[in-house]
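The primary structure of each chain is shown beneath.
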Amino acid sequence: GAVVSQHPSRVICKSGTSVKIECRSLDFQATTMFWYRQFPKQSLMLMATSNEGSKATYEQGVEKDKFLINHASLTLSTLTVTSAHPEDSSFYICSARVGNIQYFGAGTRLSVL
Amino acid sequence: AQSVAQPEDQVNVAEGNPLTVKCTYSVSGNPYLFWYVQYPNRGLQFLLKYITGDNLVKGSYGFEAEFNKSQTSFHLKKPSALVSDSALYFCAVRGDTGFQKLVFGTGTRLLVSP
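1. Some details on the packing of aromatic side chains
Working step 1: Applying the stated criterion across every chain yields a total of 13 aromatic pairs over all chains.
Working step 2: Between the aromatic rings of Tyr103(A) and Phe46(B), the centroid separation amounts to 6.2 Å while the plane-to-plane angle is 65°, which identifies the pairing as edge-to-face. Of the two residues, Tyr103(A) is situated in strand β10 (residues 101–104) and Phe46(B) in strand β6 (residues 44–50); the pairing between them involves two chains.
Working step 3: By relative accessible area, which is 15% here, Tyr103(A) ends up buried.
Working step 4: A residue is classified by how much of its surface remains accessible, and Phe46(B), at 21% relative accessible area, is partly exposed.
Working step 5: Taking 5.5 Å as the distance between ring centres and 50° as the angle between the ring planes, the aromatic pair formed by Phe63(B) and Tyr89(B) counts as tilted. Residue Phe63(B) is located in the loop between β7 (56–58) and β8 (64–68), and its partner Tyr89(B) is located in strand β10 (residues 87–95); the two are separated by 26 residues in the primary sequence.
Working step 6: On the basis of relative accessibility, which here comes to 1%, the residue Tyr89(B) falls in the buried class.
Working step 7: Over the face of the ring belonging to Phe63(B) we find Lys78(B), whose NZ or CZ atom lies 5.0 Å from the ring centre.

2. Overview of the state of the cysteines
Residue and element names in this part refer to chain A.
Working step 1: Scanning the model with the defined rule gives two disulfides over all chains in all.
Working step 2: Disulfide pairing places Cys 23 opposite Cys 94 at an S-S distance of 2.0 Å. In this structure, the disulfide formed by Cys 23 and Cys 94 twists by about 80° around the S-S bond and is classed as right-handed. Of the two residues, Cys 23 is situated in strand β3 (residues 19–25) and Cys 94 in strand β9 (residues 90–98); the sequence distance between them amounts to 71 residues. No difference in accessibility class separates Cys 23 from Cys 94, as the two residues are buried.
Working step 3: Left without a disulfide partner, Cys 13 is nearest to the cysteine sulfur of Cys 94, which lies 18 Å away.

3. Examining the interface of chain B and chain A
Working step 1: If you look at the interface, chain B gives 21 residues, while chain A gives 23 residues.
Working step 2: The junction of chain B with chain A conceals about 1,700 Å² of combined surface from both sides, 56% of it contributed by carbon and sulfur atoms.
Working step 3: The interface formed by chain B and chain A contains one salt bridge.
Working step 4: Residue Glu59(A) pairs with Lys101(B) through a salt bridge whose shortest N-O separation is 2.8 Å.

Reading guide: rules and limits
- Residues numbered from 1 in each chain as written.
- Chains lettered and ligands numbered in written order.
- Predicted model: local features only at pLDDT ≥ 70, side-chain atom pairs only at ≥ 80, totals over all residues.
- Heavy atoms only, no water.
- Phe/Tyr/Trp six-rings, centres within 6.5 Å; stacked < 30°, edge-to-face > 60°.
- Helix = DSSP H or I, 4+ residues; strand = E, 2+ residues; numbered from the N terminus.
- Buried < 20%, exposed > 50% of the residue type's maximum accessible area, 1.4 Å probe, protein only.
- Lys NZ or Arg CZ within 6 Å of the ring centre and 35° of its normal.
- Disulfide = S-S within 2.5 Å.
- Contact = heavy atoms within 4.5 Å.
- Buried area = accessible area lost by both parts, 1.4 Å probe.
- Salt bridge = Lys/Arg side-chain N within 4 Å of Asp/Glu carboxyl O.

Given below as structure tokens:
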């Protein structure tokens with residue numbers, strides 16, 4: 001299957017700082033990528049759909065100014081958590097679709113102190 | 001609106017026994033159905049999909065799933081469970097019309113005991 005690489009796998013930061021998470025499609029081009037958030041023992045919540053060369057589409061209730069998404073190339077989408085606070089601590093997972101199948105990155109565990 | 005129900009939070013099975021993880025769905029149009037597995041602190045790994053064709057779909061690691069349109073179900077099965085199958089399993093669905101989002105169930109934790 002297709003490979004989606006996500007970096008970093010784990011990040012710890014201080015409250016008020018910004019954190020950038022990268023998502024790359026390694027062996028295919030992805031015009032659309034997806035960003036999810038997963039709380040402990042819960043399902044995945046779609047945060048936004050990232051579109052190459054245009055603005056991301058955010059789900060209802062997701063703050064677009066806090067969670068900045070950039071999809072500048074066909075193989076890279078980034079999620080920046082701005083002015084992070086402890087309540088932003090979570091597991092963030094990116095995904096890209098190839099044909100009918102969505103493939104997922106390994107996830108990023110964000111801990112905000 | 002699309003939705004997926006996984007009625008069991010956890011399924012316990014002894015190694016070597018058959019396993020079933022249940023999933024029912026609701027979707028507009030024809031369903032595209034998926035099963036994913038998640039190991040601790042990892043992303044989701046694709047197991048299998050149903051798009052069209054045979055109702056019994058075979059996937060990775062010996063897993064299979066049966067699509068039942070009348071019962072709107074897509075249960076995951078394996079004839080003989082392994083301890084290494086212990087993980088969190090997600091069922092997901094999206095419709096076949098327009099650009100529809102993939103909707104996930106709440107997940108079922110499978111615990112296979114030696």
